[in-house]
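One-letter residues, chain by chain:
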Amino acid sequence: IRNYRVEIKLVGEPIYQFRVVDVSNKGAGLLVKDDSDFLNMIKVNQLVDANFISPKGAKPSGMYKTEIKHITKPAQDSNKGHCLVGVLILKKLNWL
């Protein structure tokens, strides 16, 4: 998926931005560098707000409540040095 990314802001931390490598209406796979501090701040079943920034307005786009479902090393060599963080999309958040 070209130019699809997500921003996640944890309390007291900077905004983290990741490439989305797999996405559907129910979830997404985020590519995170192995040495990213972000991996030490998250755990499976944690809820996080994620801002999906999609090319040409493809869905999902915007702020969503998500749940971390897995943190795994991808089997493909093309993503060496990265982990795949799978998130379940729970609901769209409406910010006023």
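None of the values given here were measured: they were computed from a predicted structure.

Bringing the overall build of the chain into the picture now. In terms of helices and strands, the chain carries one helix and six strands. Traced from its N-terminal end to its C-terminal end, the chain shows the element sequence β-β-β-α-β-β-β. What you see for the chain is a C-alpha radius of gyration of 13 Å, in line with the 12 Å of a compact globule of 96 residues. Seen through its C-alpha atoms, the chain measures out along the principal axes to roughly 40 × 30 × 20 Å. Taken across its 96 residues, the chain has 36% of its residues classed as buried. Here the analysis covers contacts within the chain between residues at least 6 apart in sequence; of these, 50% occur between residues at least 24 apart. Within the structure as shown, the chain displays about 6200 Å² of accessible surface, and the carbon and sulfur contribution to it stands at 51%. Across the chain, the mean location of the 15 positive side-chain charges is 8 Å away from that of the 9 negative side-chain charges.

Here we come to the side chain of Thr 66. As for its placement among the helices and strands, Thr 66 is situated in strand S5 (residues 62-72). If sequence neighbours within four positions are ignored, Thr 66 has contacts with Gln 46, Leu 47, Val 48, Ala 50, Phe 52, Val 87, Leu 88, Ile 89 and Leu 90.

Quick look at the packing of aromatic side chains now. For the coordinates displayed, the defined rule picks out four aromatic pairs. Ring centres 6.2 Å apart and planes at 5 degrees place the aromatic pair Tyr 16 and Phe 18 in the stacked group. On the basis of relative accessibility, which here comes to 8%, the residue Phe 18 falls in the buried class. Put simply, the rings of Tyr 16, Phe 18 and Phe 38 touch in pairs and so form one group of aromatic residues.

Parameters at a glance
- Residue indices begin from 1 for each chain and proceed along its sequence in written order.
- Residues qualify for local features only when their pLDDT is at least 70, as the model is predicted, and side-chain atom pairs are given and counted only at 80 or more; totals for whole chains, interfaces and linings, by contrast, use all residues.
- The basis for every side-chain value is the complete set of non-hydrogen atoms in the structure, without hydrogens or water.
- Helical segments are the DSSP runs of H or I of at least four residues, strand segments are the runs of E of at least two, and each set is numbered from the N terminus.
- Values of the radius of gyration come from C-alpha atoms, whereas the globule rule sets the reference at 2.2 Å times the count of residues to the power 0.38.
- Accessible area is worked out with a 1.4 Å probe on protein chains only. A residue is then buried under 20% of its type maximum, exposed over 50%, and partly exposed in between.
- Here a residue-residue contact requires only that any non-hydrogen atoms of the pair lie within 4.5 Å.
- Areas reported as accessible are Shrake-Rupley estimates using a 1.4 Å probe. Residue values count occlusion only from the protein chains shown.
- Counting rule applied: Lys, Arg positive; Asp, Glu negative; His and chain ends not counted.
- For the purpose of locating charges, the reference atoms are NZ of Lys, CZ of Arg, CG of Asp and CD of Glu.
- Pairing of aromatic side chains requires ring centres within 6.5 Å, counting the rings of Phe and Tyr and the six-membered ring of Trp. Pairs whose planes differ by under 30 degrees are stacked, by over 60 edge-to-face, and all others tilted.

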